[in-house]
Amino acid sequence: MSYTSSLCVYCGSAAGIDSRHVETARDLGRIMAARGIRLVYGGARVGMMGALADAVLAGGGEVVGVIPGHLDKVEIGHRGASELIVVDSMHQRKYMMFELSDAFAVLPGGFGTLDEAFEIITWRKLRLHDKPIILADLAGYWQPLLALVEHVIGQGFAADEDRKLYKVVATIEELVGAAEHAPRPSLAAQPERL
């Protein structure tokens with residue numbers, strides 16, 4: 001039985017040039033709504049983020065957006081979300097998204113997505129949590145990043161076992177399956193250390 005009832009999804013506030021990415025975000029949203037998995041995300045109404053949230057809502061699912069006040073106008077906060085939480089800073093955003101989620105999924109995105117992904121992976125490396133992290137390598141989008149990780153490991157700046165900090169999948173179906181069937185976390189979250 002799955003313990004994942006709330007999935008945090010990191011993805012782009014832009015649509016990107018490959019329309020497959022927006023469509024896979026919509027597919028993920030439809031599956032999450034059908035399976036009763038709440039979406040926690042960055043709160044935008046635009047780009048992949050907006051497409052994902054709209055698909056969850058269209059399927060009758062629950063969407064919690066968390067957005068800093070200074071980005072509320074730039075990224076256009078999603079007023080149709082089940083709940084839109086406006087916070088004071090990026091740090092508050094990332095921490096609140098962490099607190100509200102059972103697992104994390106990383107879809108294609110830009111610098112913000114990379115920042116969120118590396119921070120949540122680093123927190124796991126430091127044993128501040130052991131919630132599942134799934135990197136969705138849709139259409140090979142993350143292959144350059146995975147090659148960089150191999151370079152970092154090869155140069156001795158990360159350990160071989162660091163590859164186990166996250167799971168890499170190639171499809172949305174694999175992503176949802178990985179989130180639903182991941183081992184239940186055993187570490188108590190340590191907010192005072194984040």
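The rules behind the values
- Residues numbered from 1 in each chain as written.
- Predicted model: local features only at pLDDT ≥ 70, side-chain atom pairs only at ≥ 80, totals over all residues.
- Heavy atoms only, no water.
- Salt bridge = Lys/Arg side-chain N within 4 Å of Asp/Glu carboxyl O.
- Buried < 20%, exposed > 50% of the residue type's maximum accessible area, 1.4 Å probe, protein only.
- Helix = DSSP H or I, 4+ residues; strand = E, 2+ residues; numbered from the N terminus.
- Expected span 1.5 Å × (residues − 1).
- Arc of directions from axis to C-beta.
- Core = buried A, V, L, I, M, F, W, Y, C linked by side-chain atoms within 4.5 Å.
- Contact = heavy atoms within 4.5 Å.
- Pairing = 2+ DSSP bridges.

Caption draft 1: Structural view of the pattern of salt bridges. Overall, the coordinates contain eleven salt bridges when judged by the stated rule. Among the salt bridges present, the one from Asp18 reaches Arg20, with a minimum N-O distance of 2.6 Å. Its relative accessible area of 22% is what places Asp18 among the partly exposed residues. The shortest N-O distance in the salt bridge between Glu150 and Arg163 comes to 2.7 Å.

Caption draft 2: Structural view of helix 6 (residues 143–154). In a regular helix each residue adds 1.5 Å, so twelve residues correspond to 16 Å; helix 6 covers 16 Å between its end C-alpha atoms and thus fits that length. When we look at burial in helix 6, the residues that qualify are Leu145, Leu146, Val149 and Ile153. Summarising the axial view, the buried residues of helix 6 lie within an arc of 100°, below the 170-degree limit, and thus occupy one face. Within helix 6, the exposed residues directed more than 90 degrees away from the buried face are Pro144 and Gly154.

Caption draft 3: The nonpolar core, seen in detail. Ranked by internal contacts, the top residues of the largest apolar core, which has 32 residues, are Leu7, Val9, Leu28, Met32, Leu39, Leu107 and Leu175. Taken together, the elements giving at least two residues each to this core come down to strand 1 (6–10), helix 1 (19–35), strand 2 (38–41), helix 2 (47–58), strand 5 (103–106), strand 6 (133–136) and helix 7 (172–181). Per element, the largest residue contribution to this core is six residues, and it comes from helix 2. Setting aside chain neighbours within four positions, we find Val9 in contact with Leu28, Met32, Leu39, Val40, Tyr41, Leu52, Ala105 and Leu107. In this structure, Trp142, Leu146, Val149 and Leu165 belong to the second largest nonpolar core, which totals 25 residues.

Caption draft 4: Region of interest: the pairing of strand 1. With five of five residues buried, strand 1 is to be regarded as a mostly interior element. Here strand 1 shows two buried faces, one formed by Ser6, Cys8 and Tyr10 and the other by Leu7 and Val9. Both strand 1 and strand 2 contribute to a ladder of three bridges, which runs parallel. Residue Leu7 lies in a different strand from strand 2, and its bridge partner there is Leu39.

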